[in-house]
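Chain by chain, the residues:
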Amino acid sequence: MDSLDQQLIALLRADARASVATLAQRLKVSRGTVTNRIKRLEDEGVIVGYTVRLRPDVQTEQITAWTSITVDGNQAREVISRLLGEPGVAAIHDTNGRWDLLAELRSSSLNELAAVLERLRLIKGISATETSIHLQTYKLT
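Owing to the predicted nature of the structure, the values given are computational and were not obtained by experimental measurement.

Peer 1: How would you explain helix α1 (residues 3-14) if you had to name every residue and give the values?
Peer 2: Taking 1.5 Å of rise per residue, 12 residues should cover 16 Å, and α1 covers 17 Å from first to last C-alpha, within 8% of that figure. Among the residues of α1, those classed as buried are L4, D5, Q6, L8, I9 and L12. Those residues of α1 hidden inside the fold are in contact with α2 (20-27), α3 (31-43) and α4 (76-84). One side-chain oxygen of the residue at the start of α1 lies 3.2 Å from the amide nitrogen of L4, identifying that residue as D2.

Structure, rendered in structure tokens:
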């Protein structure tokens, strides 16, 4: 995936119902380019479908994990851009302390989560990660 693919995925994540014309306009490319890239991303299994997003408290049968990320040098913007293009990343948070970023990951299975983590390891500028899987939530009433 190149930068344009990542930008396209980020736009689709924000609004999967956006028209090809709107996506092309925002990306400053032709509609044909957008159509071809979406088809390729679908064929390669990067985009596996389009869905309705629900509030986190009503979603079931989903694995949630958090990955703490250390970024090399001044590469935070590039890393964030790549993370925004990753379909398995639900949110990215800037942090202080030992880790630079905290990425919330969502997947439908452990195999899918493993694939997301494998893709994260390939992002240039990420020097270390640590992942924790969400097991249970306790709420104050």
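After presenting the structure, the write-up continues.
Peer 1: Run through a nonpolar patch on the surface, naming residues and quoting values.
Peer 2: Side chains of L110, I133 and L135 sit close together on the surface and give an oily, nonpolar patch of about 350 Å² of accessible area. For L135, the position within the fold is in the segment after β4 (126-133).

Peer 1: So, the sheet that holds strand β2 (residues 89-94): which residues are in play, and what are the values?
Peer 2: Backbone hydrogen bonds are what pair the strands of a sheet, in a parallel or an antiparallel way. With antiparallel pairing, 4 strands are arranged side by side in an open sheet as β2-β3-β1-β4. Two strands lie at the open edges of the sheet, namely β2 and β4, each paired on one side alone. Here the strands of the sheet are splayed against their neighbours by 20 degrees on average, with no regard to which way each runs. Sheet topology note: the strand β1 (residues 63-71)/strand β3 (residues 101-107) ladder contains 7 bridges and is antiparallel. Within the sheet, the bridge partner assigned to T67 lies in β3 and is A103. Taken strand by strand, α4 contacts β1, β2, β3 and β4, and its axis lies near 160 degrees from that of β2.

Peer 1: Requested: an account of the environment of E86, with residues and values cited.
Peer 2: By the secondary structure assignment, E86 is in the loop between α4 and β2. Its relative accessible area of 4% is what places E86 among the buried residues. In sequence terms E86 and R13 are 73 residues apart; their C-alpha atoms lie 9.5 Å from each other. Aside from chain neighbours lying at most four places away, what touches E86 is R13, V116, R119 and L120.

Peer 1: Residue-level account of the nonpolar core, with values.
Peer 2: Judged by nonpolar contacts, the single largest core of 16 residues is most densely connected at I69, V79, L83, L105 and L120. Going through the elements one at a time, β1, α4, β3 and α5 (110-121) are the ones with two or more residues in this core. Judged by nonpolar contacts, the second largest core, of 12 residues, contains L8, I9, L12 and A24.

Peer 1: Break down the side chain of T64 for me, with residues and values.
Peer 2: Take T64: it is sitting in strand β1. Residue contacts for T64: discarding those within four places in its chain leaves E104, L105, R106, I133 and H134.

Peer 1: Describe the pairing of β3, and please don't skip the residues or the numbers.
Peer 2: Of all 7 residues in β3, 6 are buried, a share of seventy percent or more. Summarising the sheet, β2 and β3 pair through 5 bridges and their orientation is antiparallel. By the bridge assignment, D94 is partnered in β3 with L101. From the end of β2 to the start of β3, which pair antiparallel, there are 6 residues, and G97 there has a positive phi angle of about 95 degrees.

Peer 1: Any chance you could break down α2 for me, citing the residues and the numbers?
Peer 2: Residues L23, A24 and L27 constitute the buried set of α2. Seen from one end, α2 has its buried residues packed into an arc of 100 degrees, which puts them on one side. Away from its buried face by more than 90 degrees, α2 exposes Q25 and R26. Lining the buried residues of α2 we find α1 and α3. Downstream of α2 by a residue or two, K28 has a phi angle that is positive, lying close to 60 degrees.

Here is what the cut-offs are and how they apply
- Residues numbered from 1 in each chain as written.
- Predicted model: local features only at pLDDT ≥ 70, side-chain atom pairs only at ≥ 80, totals over all residues.
- Heavy atoms only, no water.
- Helix = DSSP H or I, 4+ residues; strand = E, 2+ residues; numbered from the N terminus.
- Expected span 1.5 Å × (residues − 1).
- Buried < 20%, exposed > 50% of the residue type's maximum accessible area, 1.4 Å probe, protein only.
- Contact = heavy atoms within 4.5 Å.
- Polar contact = N/O pair within 3.5 Å; in protein donor to acceptor, adjacent residues only side chain to side chain.
- Patch = residues over 30% accessible without salt bridge, like charges linked within 9 Å, V, L, I, M, F, W, Y side chains within 5 Å.
- Areas by Shrake-Rupley, 256 points an atom, 1.4 Å probe, with all protein chains shown as cover.
- Salt bridge = Lys/Arg side-chain N within 4 Å of Asp/Glu carboxyl O.
- Pairing = 2+ DSSP bridges.
- Axes fitted to C-alpha atoms, helices over the stretch in contact; angles between N-to-C directions.
- Core = buried A, V, L, I, M, F, W, Y, C linked by side-chain atoms within 4.5 Å.
- Arc of directions from axis to C-beta.

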